[in-house]
Amino acid sequence: MKLSVWAGIRLVVHKEITAGLRFRAAWTAMLMFAVTSLACLSLALQGRDPGPVILAALLWILLFFSSFAGADRVFTDEAATGTLEVLKIYGPSQAVLFGKMIYSFGLLFVLACVLVPLYLILLDVTVLDWGLFSAVIFAGLAGIAAAGTLIAALTVGSSVHNGLFSVLMFPVILPVFLPAIGLTQQALTGDGAGLAYLGGIVLYDMILAVAASLLFDYLWYED
Amino acid sequence: MITITFDRVTRSFGGKPLFDSLDAKIRGGKITAVTGPNGSGKSTFLRLAGHLLRPDSGQVSVKCDDAELRRADYRDRLGIVTPELRFYPRLTAYENMTFFLGLRGKTLTTDTYRDLLKRVGLDETAVRGKFAGAFSTGMRQRLKFAVLLASGADVWLLDEPAANLDAAGRAMILREARQAAASGAVVLWATNDAGEEEKADEVIRLGGNPARRS
């Protein structure tokens, strides 16, 4: 019986969650980085208001670099434990790609659920447009998950994986990062006129997912 | 029935040629042993046969009843047991098997699971609730076989499969490989053991400098 892609994705996500809960290194590293950086920022600012642009940029810098502490592990952990080969043999490419992408997104979403309330409290940030704020975070995290999964797959065999991941990730995620900062600033000030930018981020996320899907077959089935 | 053909295959590592214009044909329904001293390229031969590695030149084609198999379709029919193969260390035997077999579209019932463990000589009580990372080397090897058997693969790539197994384990592998070959599967068995080589139907000897075989 041929496995449907959706059933395969569910299996991969379930496996990732089970293994992730038993090996907490990835998500604790992300959370620790996020909380430590936020605490440092809060102490450095000492209650001063740096303005919405800086606050928005700080939020995305925190989310982006915290994701670095865990997003690139989706394939490197497999390679490190020696399970990548058996996954390649038994796992259909699309199920593995999207299963890992959804797990990455889930991990980032949990991170955001912890980080964003702390950010709002510790930096004394007021959000005036909650709808836009939530939508930007959701779309931005989806972009980070899609780009991170693809680039992690591309760089997994490299001996300089970490450096290469950062170098490749930055230009790929920039079209998400810059409008996300602008939109977050608008959500903080209540100038919610940037729906076109939000559409742009969603469109770019979709392009990333489709490109990853097309490219991943070559990575998975060719040596 | 599947046939794997090596046509003038050349493969080098770090500039050092391992195979030079290697020709070979592996047919389903037989156990084919791949032998040769250490470093002769037995594992590389298996990886080339499994399309897990590309030749520098030449071609490794896989046909099923004269129709060329696409890479993704071939992968679905492949099962391998190698020393490098690892299962998820923080999943139990059951969780690992459910996951990998699920990816092949197979459902693992409790009865099938018990039968498989029995068939490969794993004690169910000894593996219950235990993570695969805590298994002994022999138990891991048996688990690899359980997944291979349940996957229904009809191309078996076995790299030193009897390593770390006791006499009962070695007999189990030979019995299962013979049964798979009898049902038409390709069984490619890399070994240095003269006894295992003797039991194969065909032998591919590597070890030229670089290896050639006609």
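Anything mentioned here points back to the structure above.
Asker: Which residues make up the overall build of chain B, and what values do they have?
Answerer: Helix and strand counts for chain B come out as eight helices and nine strands. For 214 residues, the compact-globule estimate of 2.2 N^0.38 gives 17 Å, and chain B sits close to it at 17 Å. Each principal axis of the C-alpha distribution contributes one length, and for chain B these read about 50 × 35 × 35 Å. Across the 214 residues that make up chain B, the buried fraction comes to 43%. The long-range share in chain B, meaning contacts at least 24 apart out of those at least 6 apart in sequence, stands at 74%.

Asker: Give a description of the overall build of chain A that names residues and reports values.
Answerer: Scanning chain A from N- to C-terminus turns up nine helices and zero strands. The C-alpha radius of gyration computed for chain A amounts to 18 Å, which stays within 12% of the reference 17 Å derived for 223 residues, consistent with globular compactness. Seen along its three principal axes, the alpha-carbon backbone of chain A occupies a region of about 55 × 35 × 30 Å. Here chain A holds 223 residues, and the buried ones make up 44% of them. Considering only residue pairs separated by 6 or more positions, chain A has 84% of its internal contacts joining residues 24 or more positions apart.

Asker: So what's going on with the interface of chain B and chain A? Which residues, and what values?
Answerer: Across the boundary between the two partners, chain B contributes 23 residues, which contact 22 residues of chain A. Every element with two or more residues in the side of chain B that touches chain A is listed here: α2 (71-76), β6 (78-81) and α3 (93-103) of chain B. Broken down by element, the side of chain B that touches chain A gets its largest block of residues, five residues, from α3(B). Its residues placed into classes, the side of chain B that touches chain A shows 13 nonpolar, two polar and eight charged.

Asker: Would you mind going over the nonpolar core in detail, with residue names and values included?
Answerer: Core analysis: the largest hydrophobic core is formed by 130 residues, its most contacted members being W156(B), V187(B), L188(B) and W189(B). Leaving out residues up to four positions away in the same chain, W156(B) has contacts with G79(B), L148(B), A177(B), A180(B), A185(B), V186(B), V187(B) and L188(B).

Asker: A description of the sheet that holds β6(B) should follow, citing residues and the corresponding values.
Answerer: Residue and element names in this part refer to chain B. Ordered by their spatial adjacency, five strands build an open sheet running β6-β7-β8-β3-β9, and the pairing between neighbours is parallel. Single-partner strands in this sheet number two, and they are β6 and β9 (202-205). This sheet shows a mean twist of 15° between the axes of neighbouring strands, independent of strand direction. Strand direction decides the pairing type here: strand β3 (residues 31-35) and strand β8 (residues 186-190), joined by four bridges, are parallel. Across the sheet, residue T32 finds its bridge partner in β8, namely L188. Sitting on the sheet, helix α7 (residues 167-182) is in contact with β3, β7 (155-159) and β8, with an inclination near 145° to β8.

Asker: So what's going on with helix α3 (residues 52-68) of chain A? Residues and values would help.
Answerer: Compared with an ideal rise of 1.5 Å per residue, which puts 17 residues at 24 Å, α3(A) spans 24 Å between its outermost C-alpha atoms and is within 8% of the ideal. If you check which residues of α3(A) are buried, you get L55(A), A56(A), L58(A), L59(A), W60(A), L62(A), L63(A), S66(A) and S67(A).

Asker: Quick one: what's the story with the sheet that holds strand β4 (residues 57-64) of chain B, residue by residue and with numbers?
Answerer: Strands belonging to one sheet form pairs held by backbone hydrogen bonds; the direction of such a pair is parallel or antiparallel. Residue and element names in this part refer to chain B. Read across the open sheet, the four strands follow the order β2-β1-β4-β5; overall the sheet is antiparallel. With one partner strand each, in any of the chains shown, β2 (16-27) and β5 (67-68) form the two edges of the open sheet. Both strand β1 (residues 2-13) and β4 contribute to a ladder of seven bridges, which runs antiparallel. By the bridge assignment for β4, T5 is matched with S61.

Asker: Hey, could you go over unusual backbone geometry for me, with residue numbers and the actual values?
Answerer: Residue and element names in this part refer to chain B. In the Ramachandran plot, S21 falls in the positive-phi region, its phi being about 55° despite a non-glycine side chain. The topology assignment puts S21 in strand β2. For S21, a count of 17 C-beta atoms within 10 Å puts it in the partly exposed group.

Asker: Before we move on, could you go through the pairing of β2(B) and cite the residues and values that matter?
Answerer: Residue and element names in this part refer to chain B. Pairing between β1 and β2: eight bridges, direction antiparallel. Counted as the bridge partner of F13 is K16 from β2. Taking the residues that link successive antiparallel strands as the turn, the β1-β2 hairpin has two residues, and the phi of G14 there is positive, at about 55°.

Rules used in this analysis
Residues numbered from 1 in each chain as written. Chains lettered and ligands numbered in written order. Predicted model: local features only at pLDDT ≥ 70, side-chain atom pairs only at ≥ 80, totals over all residues. Helix = DSSP H or I, 4+ residues; strand = E, 2+ residues; numbered from the N terminus. Rg over C-alpha atoms; globule rule 2.2 N^0.38 Å. Buried ≥ 20, exposed ≤ 12 C-beta atoms within 10 Å, placed from the backbone. Contact = placed C-beta atoms within 7 Å. Nonpolar A, V, L, I, M, F, W, Y, C, P; charged D, E, K, R; others polar. Core = buried A, V, L, I, M, F, W, Y, C linked by C-beta atoms within 7 Å. Pairing = 2+ DSSP bridges. Axes fitted to C-alpha atoms, helices over the stretch in contact; angles between N-to-C directions. Expected span 1.5 Å × (residues − 1).

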